[in-house]
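# Coordinate inspection notes
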Amino acid sequence: MKIIVRADSTECGAAAYEIFAKGIKNGAKVLGLATGSTPLPLYKEMIKSNLNFDNLTSVNLDEYVGLPVDNDQSYHYFMQENLFNKKPFKKTYVPDGIKAVDDPEGVSREYDQIIKDNPIDIQLLGIGRNGHIAFNEPGTPFDSLTHEVKLTDNTIKANSRFFASIDDVPKSAICMGIANIMSAKKIVLLAFGENKAAAVKKMIEGPVTEEVPASVLQKHPDVTVILDQAAAAELDDKYKN
Ligand code: GLP
């Protein structure tokens, strides 16, 4: 794993942008994209850049089950607002959270096929406080493909900050599996803030275990982790540069 530590999230966004811009110039055609607060500094850099995305495809990690695309908490909506409206892509994919209410298995298999047909060149990731990636919670098998996830109480609580009340947070999501994520050629994970520091330490220094989903990234040949000072605070000095 390559580890980059920068002063703050804005600088981390700029460092991530450089990797994406270089990858796109070198022929990357499919970007694996993510939601949450973490990707925003990168998306801001992409929007202000002169890069053209209309020859690119995007494949997002996950979507809540039961939220229509025009619900302002759906990940479809998030992506439109924070990137796609300003930088149109040739084609964008986000799991279908409405169809998944009745047929999560069908939506999952379709999404696996989409990823197979559009192999991901660069995958963007954030990390949850318990080490989850996308919505793959501790205990998710490393060989998992796209699946429906029952969200843990902690994740529901953490994500309730975006909703009017905790009761409005969906109870499940459709999410790429760990094997789908690991199939990407290159992975860039961003983490900011002290509440990510413990998960970051376990991801980088800890044993590779399904109890810390992000620890699987130690097995991927091309991962760059970009951290602000606070998220890097618990790391052994030898990992910081
Ligand atoms: C959610 C998302 C993850 C994201 C995580 C952290 O659970 N499904 O993809 O990495 O939250 O969110 P944030 O970036 O807001 O800290």
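First, a word on scope: everything that follows refers to the structure included in this document. These numbers come from a predicted model, not from an experiment. (Residues numbered from 1 in each chain as written. Predicted model: local features only at pLDDT ≥ 70, side-chain atom pairs only at ≥ 80, totals over all residues. Heavy atoms only, no water.)

### Re the layout of surface pockets
Each pocket or cavity is described by its volume, and for the largest pocket that value is around 780 Å³. Looking at the largest pocket, it is lined by 36 residues, and the ones nearest its centre are Gly36, His132, Asn159, Arg161 and Lys196. Those elements that provide at least two residues to the lining of the largest pocket are strand S4 (62-64), helix H3 (75-84) and helix H6 (153-159). Looking at the lining of the largest pocket element by element, the count peaks at five residues for H6. (1 Å grid on protein atoms, 1.4 Å probe; cavity = no way out; pocket = protein on both sides within 12 Å on 5 of 7 lines; lining within 4 Å. Points joined across faces, edges and corners; volume = space filled by probe spheres on them. Helix = DSSP H or I, 4+ residues; strand = E, 2+ residues; numbered from the N terminus.)

### Some details on the sheet that holds strand S2 (residues 30-33)
If you walk across this open sheet you meet the seven strands as S1-S10-S9-S6-S2-S3-S5, and the pairing is parallel. Edge positions in the sheet fall to strand S1 (2-6) and strand S5 (91-93), since each has one partner strand and no second. The mean angle between the axes of side-by-side strands here comes to 15°, regardless of whether they run parallel or antiparallel. (Pairing = 2+ DSSP bridges. Axes fitted to C-alpha atoms, helices over the stretch in contact; angles between N-to-C directions.)

### Notes on the pattern of salt bridges
Pairing between side chains becomes possible if they bear opposite charge and their charged atoms approach one another. Enumeration over the complete set of coordinates arrives at eight salt bridges. As a salt-bridge pair, glutamate 105 and arginine 109 come within 2.6 Å of each other at their nearest N and O atoms. Linking glutamate 105 with arginine 109, this pair stays in helix H5 (residues 104-117), spanning four residues, or about one helical turn. Judged by relative accessible area, arginine 109 falls into the partly exposed class, the value being 35%. Through salt bridges with shared partners, a single ionic network connects Glu105, Arg109 and Asp112. (Salt bridge = Lys/Arg side-chain N within 4 Å of Asp/Glu carboxyl O. Buried < 20%, exposed > 50% of the residue type's maximum accessible area, 1.4 Å probe, protein only.)

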